[in-house]
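Breakdown of the fold
Spelled out from the first residue to the last, the chains are:
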Amino acid sequence: EAYLSAIERANPVLNAYVTVTADKARDMAKASDAKLALGEGGALEGIPLGIKDLFATEGVHTQACSHVLDGFKPRYESTVTANLWADGAVMLGKLNMDEFAMGSSNETSYYGPVINPWRRSRLDTVVMPTTHQGDGGFVSAGGAKTARTLDNAQLVPGGSSGGSASAVAAFLCAGATATDTGGSIRQPAAFTGTVGIKPTYGRCSRWGVVAFASSLDQAGPIARDVRDAAILLKSMASSDPKDTTSVDRPVPDYEAVIGKPIRGMKVGIPKEYRVDGMPEDIEALWQKGIAWLKDAGADIVDISLPHTKYALPAYYIVAPAEASSNLARYDGVRYGLRVPGKDIVDMYEKTRAAGFGREVKRRIMIGTYVLSAGYYDAYYLQAQKVRTLIKRDFENVFAAGVDVILTPATPSAAFGVADEDMASDPVKMYLNDIFTVTVNMAGLPGISVPAGLDGKGLPLGLQLIGRPFDEETLFQTAHVIE
Ligand code: GLN
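In this text, all values refer to a predicted model and were calculated from it rather than measured experimentally.

**As for the sheet that holds strand β8 (residues 218-223)**
- Taken together, the eleven strands give an open sheet; going across it, the order is β1-β3-β2-β6-β8-β7-β12-β13-β11-β9-β10, and neighbouring strands pair in mixed fashion. Strands with a single pairing partner mark the edges of an open sheet, and in this sheet they are β1 (17-20) and β10 (299-303). Strand-to-strand twist of the sheet, defined as the mean angle between neighbouring strand axes without regard to direction, takes the value 30°.
- Here five bridges tie strand β2 (residues 48-52) to strand β3 (residues 90-95), and the two strands are oriented parallel to one another. The residue bridging P48 from the neighbouring strand is V90, located in β3.
- Strands in contact with helix α2 (residues 22-37) are β1, β2 and β3; relative to β3, the strand with the most contacts, it is inclined by about 155°.

**Structural notes on the packing of helix α6 (residues 226-236) against helix α15 (residues 471-481)**
- At a closest axis distance of 9 Å, the pairing of α6 and α15 adopts a crossing angle of 160°. When the interaxial angle is binned, α6 and α15 end up roughly antiparallel. The hand of the α6/α15 crossing is left-handed. Two secondary-structure elements touch here, α6 through V226, A230 and L233 and α15 through E471, F475, A478 and H479.
- Classifying every residue of the contact of α6 with α15 gives five nonpolar, one polar and one charged.

**Focus: the site of the ligand**
- Surrounding the ligand, one finds 13 residues, the nearest of these being A101, S104, T181, G182 and S184.
- Residue composition of the shell around the ligand, grouped by class: four nonpolar, seven polar and two charged.

**Remarks on the nonpolar core**
- Within the largest apolar cluster, 136 residues are counted, with the highest numbers of intra-cluster contacts made by L49, L92, A167, C173, Y315, L464 and A478.
- Residue contacts for C173: discarding those within four places in its chain leaves Y3, P48, L49, G50, L92, A167 and V168.

**Quick look at the UniProt feature "active site" (unreviewed entry) in the protein chain**
- Sequence positions flagged by UniProt for "active site" (unreviewed entry) are, in local numbering, K52, S160 and S184. The annotated residues occupy 133 residues of the chain but converge on a single region, no pair of C-alpha atoms lying more than 11.3 Å apart.
- Of note, K52 is situated in strand β2.
- Leave out the neighbours within four places in its chain, and K52 touches L95, M97, S161, G163, S164, A176, T177, A178 and T179.
- Position of S160 relative to the elements: it lies in the loop between β5 (126-127) and α4 (162-169).
- Using a count of 35 C-beta atoms within 10 Å as the deciding quantity, one classes S160 as buried.

**Considering α6**
- Judged by how many residues are buried, α6 sits mostly within the fold: nine of eleven residues are covered.
- Of all the residues in α6, the buried ones are V226, A229, A230, I231, L232, L233, K234, S235 and M236.
- Turning to α6, the residues buried within the fold contact α3 (79-86), β6 (175-180), β7 (195-198), β8, β12 (446-453) and α15.

**As for the pairing of β2**
- Counting buried positions along β2 gives five out of five residues, so the element sits mostly inside the fold.
- Of the two faces of β2, both are covered, the one formed by P48, G50 and K52 as well as the one formed by L49 and I51.
- With respect to chirality, the unit in which β2 leads through α3 into the neighbouring parallel β3 is right-handed.
- As judged from the two bridges shared by β2 and β6, these two strands associate in the parallel manner. Bridging across to β6, G50 finds its partner in A176.

**Topic: unusual backbone geometry**
- A cis amide bond links G159 with the next residue in sequence, S160, at an omega value of 5°.
- Notably, A64 is not glycine yet its phi reads approximately 50°, a positive angle.
- Along the chain, A64 turns up in the loop between β2 and α3.
- In this structure, A418 takes a positive phi of about 60° despite not being glycine.
- Along the chain, A418 turns up in the loop between β11 (404-408) and α12 (420-424).
- Residue A418 is classed as partly exposed on the basis of its C-beta count, with 14 C-beta atoms lying within 10 Å.

**Description of the pairing of strand β13 (residues 459-466)**
- Taken across its eight residues, β13 has eight buried, putting it largely inside the fold.
- Burial along β13 is two-sided: P459, G461, Q463 and I465 and L460, L462, L464 and G466, pointing in opposite directions, are all buried.
- Where β11 and β13 come together, five bridges link them in antiparallel fashion. Note that in β13 the partner of L406 across the bridge is L464.
- Connecting β12 to the next strand, β13, in antiparallel fashion are five residues, including G457 with a positive phi near 90°.

**Here's the deal with the confidence of the model for the protein chain**
- For the protein chain, the average pLDDT comes to 93, and 94% of its residues sit at 70 or higher.
- Taken together, the stretch residues 130-148 has pLDDT below 50 and engages in 36 contacts with residues farther than four places along the chain or on a different chain.
- Here the complex is predicted with pTM 0.94, and the ipTM for its interfaces comes to 0.98.

**Concerning the packing of helix α8 (residues 311-326) against helix α11 (residues 377-399)**
- The N-to-C vectors of α8 and α11 enclose an angle of 125°; their axes lie 9 Å apart at closest approach. In terms of orientation, α8 lies oblique with respect to α11. For the element pair α8 and α11, the recorded crossing hand is left-handed. Contacts between α8 and α11 involve A311, A314, I317, V318 and A321 from the former and Y379, Y380, A383, Q384, V386, R387 and I390 from the latter.
- Across the contact of α8 with α11, the residue classes break down as ten nonpolar, one polar and one charged.

Here is what the cut-offs are and how they apply
Residues numbered from 1 in each chain as written. Predicted model: local features only at pLDDT ≥ 70, side-chain atom pairs only at ≥ 80, totals over all residues. Pairing = 2+ DSSP bridges. Helix = DSSP H or I, 4+ residues; strand = E, 2+ residues; numbered from the N terminus. Axes fitted to C-alpha atoms, helices over the stretch in contact; angles between N-to-C directions. Contact = placed C-beta atoms within 7 Å. Parallel < 35°, antiparallel > 145°, perpendicular 65-115°, else oblique. Left-handed = near helix turned anticlockwise from the far one by under 90°. Nonpolar A, V, L, I, M, F, W, Y, C, P; charged D, E, K, R; others polar. Near = placed C-beta within 6 Å. Core = buried A, V, L, I, M, F, W, Y, C linked by C-beta atoms within 7 Å. Buried ≥ 20, exposed ≤ 12 C-beta atoms within 10 Å, placed from the backbone. UniProt positions renumbered as here; feature names shortened; annotations may be inferred. Right-handed = clockwise from strand over helix to strand, strands pointing away. pLDDT = per-residue confidence, 0-100.

This is the structure in structure tokens:
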């Protein structure tokens, strides 16, 4: 009830939830109470969670925050959410996100932008998210686009899991599911002072998660601290016959490593992440992180990941290519929106023209271009080769004994809603992913952990990157930083 009333008060401003499942939440909570009264119950019994709108939830509107999926209520449950419910978690509702998870600011949603609970005061200082009070109304949960006013104190929560990050930061759920194709868990976590982990590709089942770029997509949690993230990932992860890319290996007890010393651990600092024009605040944060780990007894070593600079351009070929193929299924026949036309082709065209937003159309056009005959070798094949080189860079470093890599999570703190620079140039928006995409290209686990504030008092995150299936080292090291 506390979370539901917090949502009611704060959501008109934050726009973090697109669907609130209050009745379902109460029913699930009652069932949990009954279990707990008998001394039974799972690892998450009664814990209220928010679910990114990308996860299929049986009988509950699932739209990937796209107009094209209007009214879609799946008849099945994603494996990740089914795992959470099996452990006793309670569903509060579905969380806003960039349309089809394409974006870095949560401004491409059909339901309008999500607002970061951290805000600039008009004097350009920062107000921490400690209350649930709103001061003005715009989008209502589940309501389509309604008139809204933006004030210049408002910041984006990052994307695409902006609803998840904003809801966790504002106490609108105890934890949330999210997904990360190029940074969509870690970047919003960094922008909101929360913890987000993208596990190794294959750790969580992608079954029932609306596909964006299937070779990069992974589910993971956003939580208030490292321990909560560890507990949530333990429940979310599983091998699943319904997703052949999920991996059949036991899920460790991640929580057990928290508090274990990191003495003697080898931490790599990649020189290629010192990018041109990196703000002083970010460099200072990185140095602080290095000092903390050194103080805790870690061995700090300089490393090189020479193909890093090609990761972002290669990602923005591979991800749109896969997206253009995955999104071909939204044709007005099988799901959601249908705009009638004079014949079937006309119906397809009208449905897709009306159903997809600008950014999604841009990705489909890039994707079909790089996959088309004549360009395939020059772009798509080349990007796949670059991807292998990026993966090898990491393999070499880990083979040389490095246990974990430390980098900044993002090149800046949260920026303003409707930022003119970002809005006018999509490449500027894509640059937000510069530190996060390499991890997806290589299929590795990465965590973002809050590590301090910038000069204006906004949260910043550090990223730790680990060996495949070594999420434990990430939790262990992140706990030293938080
Ligand atoms: N910002 C990146 C993109 O728009 C990553 C998105 C994601 O991780 N889902 O593609």
